[in-house]
Every structure is written in C-alpha cells, then in structure tokens.
Amino acid sequence: MLETALYFIQQLLNGLTIGSTYALIAIGYTMVYGIIGMINFAHGEIYMIGTYISFIAISGLIPLLGIEYLPLILIITLAVSMFISSTYGWAIERIAYRPVRGGNRLIALISAIGMSIFLQNYVRIAQGSRDIAMPSLIQGGWSFGPPEGFQASLSYMQLFIFIATFITMGGLTLFIARSRMGRACRAVSEDMKMAGLLGINTNRIISLTFVIGAALAAVAGLLLGLYYGVTNPYIGFIAGLKAFTAAVLGGIGSIPGAMLGGLLLGVTESMTSAYFSSEYKDVVSFGLLILILLFRPTGLLGKPEVEKI
Amino acid sequence: MKDKFFPALIAGIVTFVLAFPLLGLSIVADGLTLGLEGADTKTLGYIALASLAVFFFQLWKSNIVAVAKSIPLPKKAYSSPAARSQSQRDKREKLFTLIVVALALVWPFFASRGNVDLATLVLIYVMLGLGLNIVVGLAGLLDLGYVAFYAVGAYSYALLYQYFGLSFWVCLPLAGLFAAIFGFILGFPVLRLRGDYLAIVTLGFGEIIRILLNNWTHLTGGPNGIGSIPKPSLFGLEFGRRAKEEGNVPFHEFFSIDYNSGYKVIFLYLLALLLVLFTIFVIRRLMRMPVGRAWEALREDEIACRSLGLNRTIIKLSAFTIGASFAGFAGAFFSARQGFISPESFTFIESAIILAIVVLGGMGSQLGIILAAVAMTVLPELAREFQEYRMLMFGLMMVLMMIWRPQGLLPMKRRHMELTNG
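This is a predicted model, so every value here is computed, not measured.

**Remarks on the overall build of chain B**
- Looking only at helices and strands, chain B has 17 helices and four strands in total.
- In chain B, buried positions account for 38% of the 422 residues.
- Counting only contacts in chain B whose residues sit at least 6 apart along the sequence, the fraction spanning at least 24 positions is 76%.

**Here we look at the overall build of chain A**
- Of the regular secondary structure elements, chain A holds eleven helices and four strands.
- On C-alpha atoms alone, chain A measures out to a radius of gyration of 20 Å, which is about the 19 Å that the 2.2 N^0.38 rule sets for 309 residues.
- Overall, chain A is about 65 × 50 × 40 Å in size when its C-alpha atoms are taken along their principal axes.
- For chain A, contacts bridging at least 24 residues in sequence account for 75% of all contacts bridging at least 6.

**A few points about the packing of helix α2 (residues 43-65) of chain A against helix α9 (residues 235-250) of chain A**
Residues and elements named next belong to chain A.
- Where α2 meets α9, the closest approach of the two axes is 7 Å, and the angle between their N-to-C directions is 125°. Considering the angle they form, α2 stands oblique to α9. Regarding α2 and α9, the two cross each other, and that crossing is right-handed. Residues H43, G44, E45, Y47 and M48 of α2 form the contact with α9, whose participating residues are I235, G236, F237, A239, G240, L241 and A243.

**Side note on the nonpolar core**
- Ranked by size, the top nonpolar core spans 199 residues in total, and within it M127 and I357 of chain B carry the most contacts.
- Residue contacts for M127 of chain B: discarding those within four places in its chain leaves L275, V276, T279, F326, F329 and A330 of chain B.

**Re the confidence of the model for chain A**
- Mean pLDDT over chain A works out to 87, with 98% of the residues at or above the 70 mark.
- Within chain A, the element-level pLDDT minimum falls on strand β2 (residues 141-144) of chain A, averaging 80, and the maximum on helix α8 (residues 202-228) of chain A, averaging 93.

**Details of the interface of chain A and chain B**
- Contacts between the two partners involve 52 residues from chain A, matched on the other side by 45 residues from chain B.
- Contributing elements (two or more residues each) for the side of chain A that touches chain B: α2, α3 (70-97), α4 (105-127), β1 (132-133), α9 and α11 (281-295) of chain A.
- Examining the composition of the side of chain A that touches chain B, we find that 17 residues originate from one element, α4 of chain A, more than from any other.
- Of the residues in the side of chain A that touches chain B, the class split is 41 nonpolar, eight polar and three charged.

**A short note on the domain arrangement of chain B**
- Annotation of chain B at the domain level lists domain 1 (2-66) and domain 2 (87-404).
- Taking only C-alpha atoms into account, the centre of domain 1 of chain B sits 41 Å from that of domain 2 of chain B.

**Considering the environment of G222 of chain B**
Residue and element names in this part refer to chain B.
- Secondary-structure assignment places G222 in the loop between α9 (217-220) and β3 (237-238).
- As a C-alpha pair, G222 and F164 span 58 residues in sequence and 19 Å in three-dimensional space.
- Once you skip the residues sitting within four places of it in the chain, G222 turns out to touch N214, N215 and T217.

**Structural notes on the packing of helix α5 (residues 113-138) of chain B against helix α11 (residues 262-288) of chain B**
Residue and element names in this part refer to chain B.
- At a closest axis distance of 9 Å, the pairing of α5 and α11 adopts a crossing angle of 20°. Considering their axes alone, α5 and α11 lie roughly parallel with respect to each other. Of the two possible hands of crossing, α5 and α11 adopt the one that is left-handed. For the pair α5 and α11, contact is made by R113, V116, D117, A119, T120, L123, I124, V126, M127, L130 and I134 and by G262, V265, I266, L268, Y269, A272, L273, L275, V276, T279, I280 and I283, respectively.
- Here the residues of the contact of α5 with α11 sort into 18 nonpolar, three polar and two charged.

What counts, and where the lines are drawn
Residues numbered from 1 in each chain as written. Chains lettered and ligands numbered in written order. Predicted model: local features only at pLDDT ≥ 70, side-chain atom pairs only at ≥ 80, totals over all residues. Helix = DSSP H or I, 4+ residues; strand = E, 2+ residues; numbered from the N terminus. Buried ≥ 20, exposed ≤ 12 C-beta atoms within 10 Å, placed from the backbone. Contact = placed C-beta atoms within 7 Å. Rg over C-alpha atoms; globule rule 2.2 N^0.38 Å. Axes fitted to C-alpha atoms, helices over the stretch in contact; angles between N-to-C directions. Parallel < 35°, antiparallel > 145°, perpendicular 65-115°, else oblique. Left-handed = near helix turned anticlockwise from the far one by under 90°. Core = buried A, V, L, I, M, F, W, Y, C linked by C-beta atoms within 7 Å. pLDDT = per-residue confidence, 0-100. Nonpolar A, V, L, I, M, F, W, Y, C, P; charged D, E, K, R; others polar. Domains from an automatic or database assignment.

Right, here's the structure in full:
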C-alpha cells in the first residue's frame, strides 16, 4: 500500500518536473498567439538553441575563467543563454514573421515551419548532429520511504527546476500585471489597432513578446539540459509540439493557462509511462491535443474567440 | 546618416551574436572535464565578414535599393493580347502536353539507368505534390501530416503482401482506399477546426502514425521495417532473371530477348509515369467539377460559401479524402520500388518537403508543382557536395518564398474568356 503510494508520488514529482519546463516553453507560444494570432512553429528550436548555449557557456566558464562556485556558474550561464536566445527570438520575428504579418495565417505558419527547419539544420551544421553530453552539476537529493523497499526521491536538480520555474513565472506575472510594458502587452493583445492608436508602439511590443518567450525557452533549455544531461539538434521539434499542446490544453492566449497546461501535460506523460507504456507517451500527448481541440478548443482557462465578420 | 548608423550597428552586432556562439565555438569533452574550442580562423573570418556585410547593407540600404531599381529590367514580352482566345490557348496546351508526354515516354530508352531511377523518384514526389495540392492548394487546408497517408499506402501493400500474399495490382487500389479511409476518419472530426489548429492536429496525427508503426513490432516489424516486397509484374510477367512464383514467366523469356536488369527500372519508371498521368487527369477533371469549384470557393471565403448553401464539412472532407488516396497510391508504388520500408521514411521532414514542393510550385498550379518536384529532387542530386546544406537551403527557401512570392513560382491561372475587339 505504502509502496504504491510512494510510486505514485515519485511519478507525480517527475511529471511536475518535466511539466514545469513544458510550461516555460508553452508561455512563449501562448504570448505570441495571444498578440498576433500565429503559431510560432520555430519556438521549439529556440529551446534547443538554449540548451546548446547553456552547454557552451558552462564548458567555457569552468575551465577558462576558473569559476568553481556553482550558483555563480548557473547565474552567468542563465544570463548568457537568455540573452543569446532572446536575440534569436527577436531576429526570427524581424526576418521571417514581420514581413508576412497581416496576410493569410497559413503564409505565416509556412514561413515559421521554414524557419524551424532552417534553425535545426543550422545548429546541426554548426555543432554536429551527434549528442552532446554534460555531466550533472547538481547531484544528490532526498529519499523518502522504508529503507528496504521502494523509495521515492526528490533530487536537488528537481528542486532547482521547481524553484527556477517558480521565480521565472512569478517574475513574468509581476511584469505583465504591474509594469508599464506589461500593461502595453495586455493592451496590444486585447486590441492591437486600438492600442496603436493610443500611442503604443505595437511593433516594439510584438518584438518584446518574442524576446520574453525566447528568454523563458532558454531557461527551460538550461533546466532540461542539465536534467537530462544531453542535447542534440533534433530535440526542439518534439519539445515544441509538447509545449504547444500544453498551451492549447490551458487555453491558448492565457499565461496562467500555459502554466497549468504544462504541469498537467507533464503529469499525464509521466503517469502514462509509469502505468501504461513509455513508448506510447507521445501518442497520448498528441491524442490529448487532438481531443482538446475537438471538444474544448478554448482550453481550460481560455476565452472563446469570437469571429467577427 | 546618423539615424541609420545605430540601427545598422545593432543589426551587425545581432548577426555576430547569432553566429559566433554556435558557429565559432564547439564543446570538447575529455572524459568528465569539459572545454571549449574555437573554430579555425577561416570560420571566424566568415563570421566577422557576415557581420560587417549586414552592417554596411543596413547602413546603405536605401542607396542599394535605389541602384538596384535603376538597373533596367528586360521588359516582359507581352503575348499579343487580343489574338489568343481560350480555344487557341487550349489547342496550344494540348499540343504542348502531347509533346511532353511523348518525350517522357521515349526518354528512358536512351537515358542511363541511374537517371531513370532518379526520374522515378521525381515522379513519386510529383504524385505526392499533386495530391497534397488538392488539400493545401485547392481547398486551402494546411495538412502537415500528409506523410501519414503515404505511410498508410506503403504499409498497406507491404503488409497485405506479407500476410495474404496479394500482388501489387490488387494492393494498389486497396492502398488508395485505406489511405482514403484514414483521411476520412481523421478528417471527419478535425475539419471543424480553424486553419492553423488543423495544421497542428494533422502534424500530431502524422507523428502518431509514425510512432505506432515504430512500436507495433509484431505487426509492422517496428524500426526494422518490412523487407523483400516484390516489384510489380506486367500482366504476370516478372522482371527478375527467374520467376519467383510458380507458373509465372520472366519478361525476357516471354519475348525471348536477353535478360537486362534495366528493363525493370524502365518498367517502374513507365508505371510511375502512368500513375502521374492518371493523377493529373483525375485532378484536372475534379477541378472543373462542382466539387472542385467548391474547394476553391471555400478556400477564398468560407462564410460566403456557407451562406450560399454549400456544406463545408462534405467539401473539406472530400478534398481531404481524395488527397489522401493519392498519397496512398504513391505509397504503394514507393514500397514496390524500394522493396523495403521502415518508419524512417515517413518522418515530418518528408511532409515538409512535399509541402515545400506545393508552396514553391504555386498553390493550385499543377505545372508549377511538377516543375518544383523536379527541381527539389534533381538539384540536390546535381549538387552532391552541398548535400549537407540541402535542408538548410530548404528552410531558407520556404521563408523567402513566403516573404517575396507567397503565390509560388508559377501561380495558378484561371480559365477565362477574353472579349476581342471587332
């Protein structure tokens, strides 16, 4: 009995770990969708680039600058990775999306798919297509349960993921709710034309959403990169698809929805692998995506979209 | 000048920030200790050069654009406007088509074996492009999981042969039918969704099919795939040196000529050509039928269509199902040609390539799609040393096409009549 409960708790913890990083990536989808109504298909690739930049920064910091103090390494890596990934997010919007904005939605989506293929192959050519491994920096953890028999464990890495995600999301929520720029963001997503008439530089706000989304994806890149300890140029596609599912699950356009959706998806996935089959966990998530879009396209927390004629 | 300097400087710096960390640095792992390695001077030079180029381009953008505009473009040769009526145009088109088909029929007998084989591959992509064109180009439904139907077709033939010993000619219509059924089953619920949601759902569906094929090991062989799928026969004549089945006669013995493995390649090519011609013929007919016109009308304005009493579910569903069935035919032919299939052949990238063919050729335009399929397949073969950069160029091309020419290289032309003077 205790063993079953502990096993369940273990799966819940694992699911929440993965889910919180999905949530971070999903926010990028949901913010962009909330403002310009397009699916930023290349967002998963930003996450992939985030893992690469983090790995490069970590392997540069330790031997070159001789920094051994772990929190400092993590903070510098996070800053570098967020900065460079945000630059990617900004540049992608300028190059591939702004020229096609305002046209047919499918044109923007095809442009985004092209960008995604481009980035994936750019990284493949620049860094090679093999896996790059990173030894785990944060080791150890706590275990619960009887010493003989199954023990549930919470590693420090998982704890770090929870805390980092919590801080990032708290910061974002505060930024959106309290700051001047955040207010402008909300105004633009409510009514872009009107916000423009009232003197908000809508182009700048759209760039800002891409930058914020990319920065959060970079945080997820560092966290998941350290958690799995490995990266390759192809991880962005599936991660992006999962995060999009999370965004839709929570209600696309809604930031709290993306957070909730990410956690739910993570838990669903880990429960599927634990109690059913790990090969089919992707099938379950995509199946979930299809079901939500069919029966509740507005997601859990989304507002229904009114089509104006 | 000054107001341009800072944006240009920022653009240059951004280029450097984008390029340097990924191109200029690489991780060297030595056991558990990690290190970084800078790229060679040549690569670093290129990065600096690219940053400078972006900087100067942004700085002098207006001048460059002005110079580019002042270069006189050759005037478009106008075809004498009044002289060509629809019937004359039709006649020319017919003649042109006949010549092309005749050339395509005769060509393999003079070409090398490798080229004929490549042409067969091109024809498979033409068929896939034309099929997807119904869904994306005509009906305006972005389908990112088209490869799933291709996989269904390919596996239909492979499995039906493996378990029931059915021949290619029996399986070809069945493969189309199965793919159509899958299209129908998927289409029925999802076609209510709006454009971009539909795209993501079809993408998810494509992935689900691939994962199923990969993991349902006792039926599909999983990642190992299915091998030794027989080639099609010509009315029971086989193209091997010896007949595999009892009672069959090899092709060369029947006509009492010497055995030549080239016959098989040419036969496959001609078969593919036949399938493509059939596809073109059917789609051209469909485009002139009420359902074809309804597809295009629905693409242009869904609300207007519904208010005119068109049933959008049935129209979208028909486009989806018919498009899927062509992918099924192409899949069955593909597995017959390869002799071996595995889930590896049916990844998302394949869907993206087919989509790129439709986009490059011009959505809705059949001739454009044929040319695009030729270009997409033949160019990478010609430039083998650039093989590595193929997908990179692909992605770049999709973006650039959407920015500069979203209607494609050869946009679809409507049939129209012109009034002539006098």
